[in-house]
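Observations on chain architecture
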Amino acid sequence: MDLQAIRDQFPALSRRHLGKPVAYLDGPAGTQVPTAVINAITTPLRAGISNLGGPYPASALSEQLVDDARSAMADLYNAEPSEIVFGQNMTSHTFALSRALAQTWSSGDDIVLTRLDHDANITPWMRAAEERGVTVRFVDVSESMLDPAAIGAAIGARTRLVAVTAASNAIGTVVDIPAV
């Protein structure tokens, strides 16, 4: 693997400050992207895109871009394009989903969350649980790992949701989702 060839694909990694290379240590909001991604974003912007659903070419181009992106993501995740949703960010999506699912919860129900998850998969569920009078059960992390048996032990007859990440964006832990 040619690390320099990979780095060369990311223009921001050539940036220097006071003569020294810049290190990007902030999280997802500061993620650097390769030239191919920059081009994939800017090419349609240069062509002229528009809101979806309009009877004009710019709208048709926008719809085709979204359809193509859904198909590509569906292929990546072995899903159907209709199962792919794009939006502002995970937190916004999870807040919307938590509000919808919480409508089926009642006082006395519970949900299971983990200490491994990003706040975007914790706070929306906690707020929904609080609004519905639902108990939140947390599963702790042991040596940077989640024990599927600990998750199983936290699930009861009134559990309505288990929210768990597939991989931690903070420490890289990959969770055994089939076991969970």
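To be clear, the structure that these remarks concern was listed above.
What comes next concerns the included structure. Keep in mind the model is a prediction, meaning the values are calculated, not measured. (Residues numbered from 1 in each chain as written. Predicted model: local features only at pLDDT ≥ 70, side-chain atom pairs only at ≥ 80, totals over all residues. Heavy atoms only, no water.)

So, on to the packing of helix α4 (residues 90–102) against helix α5 (residues 123–132). Between α4 and α5, whose axes approach to 8 Å, the crossing angle comes to 25°. Between α4 and α5, the angle falls in the class roughly parallel. Once α4 is placed against α5, the crossing between them reads as right-handed. On α5, the residues that touch T91, T94, F95, L97, S98, R99, L101 and A102 of α4 are T123, P124, W125, R127, A128, E131 and R132. Looking at the contact of α4 with α5 residue by residue, the classes come out as seven nonpolar, four polar and four charged. (Axes fitted to C-alpha atoms, helices over the stretch in contact; angles between N-to-C directions. Helix = DSSP H or I, 4+ residues; strand = E, 2+ residues; numbered from the N terminus. Parallel < 35°, antiparallel > 145°, perpendicular 65-115°, else oblique. Left-handed = near helix turned anticlockwise from the far one by under 90°. Contact = heavy atoms within 4.5 Å. Nonpolar A, V, L, I, M, F, W, Y, C, P; charged D, E, K, R; others polar.)

What follows covers the sheet that holds strand β3 (residues 110–114). Taken in spatial order, the three strands line up as β4-β3-β5 in an open sheet, and their pairing is parallel. One side of each edge strand has no neighbouring strand; the edge strands of this open sheet are β4 (135–139) and β5 (159–162). Strand after strand, the sheet turns through a mean of 25° between neighbouring axes, direction not considered. Relative to β4, β3 runs parallel, the two sharing five bridges. (Pairing = 2+ DSSP bridges.)

We now examine unusual backbone geometry. Despite not being glycine, L18 shows a phi value in the positive range, around 55°. By the element assignment, L18 lies in the loop between β1 (16–17) and β2 (20–21). By relative accessible area, L18 is classed as exposed at 76%. Phi at N78 takes a positive value of approximately 55°, unusual for a residue other than glycine. Looking at the element boundaries, N78 is found in the loop between α3 (57–77) and α4. (Buried < 20%, exposed > 50% of the residue type's maximum accessible area, 1.4 Å probe, protein only.)

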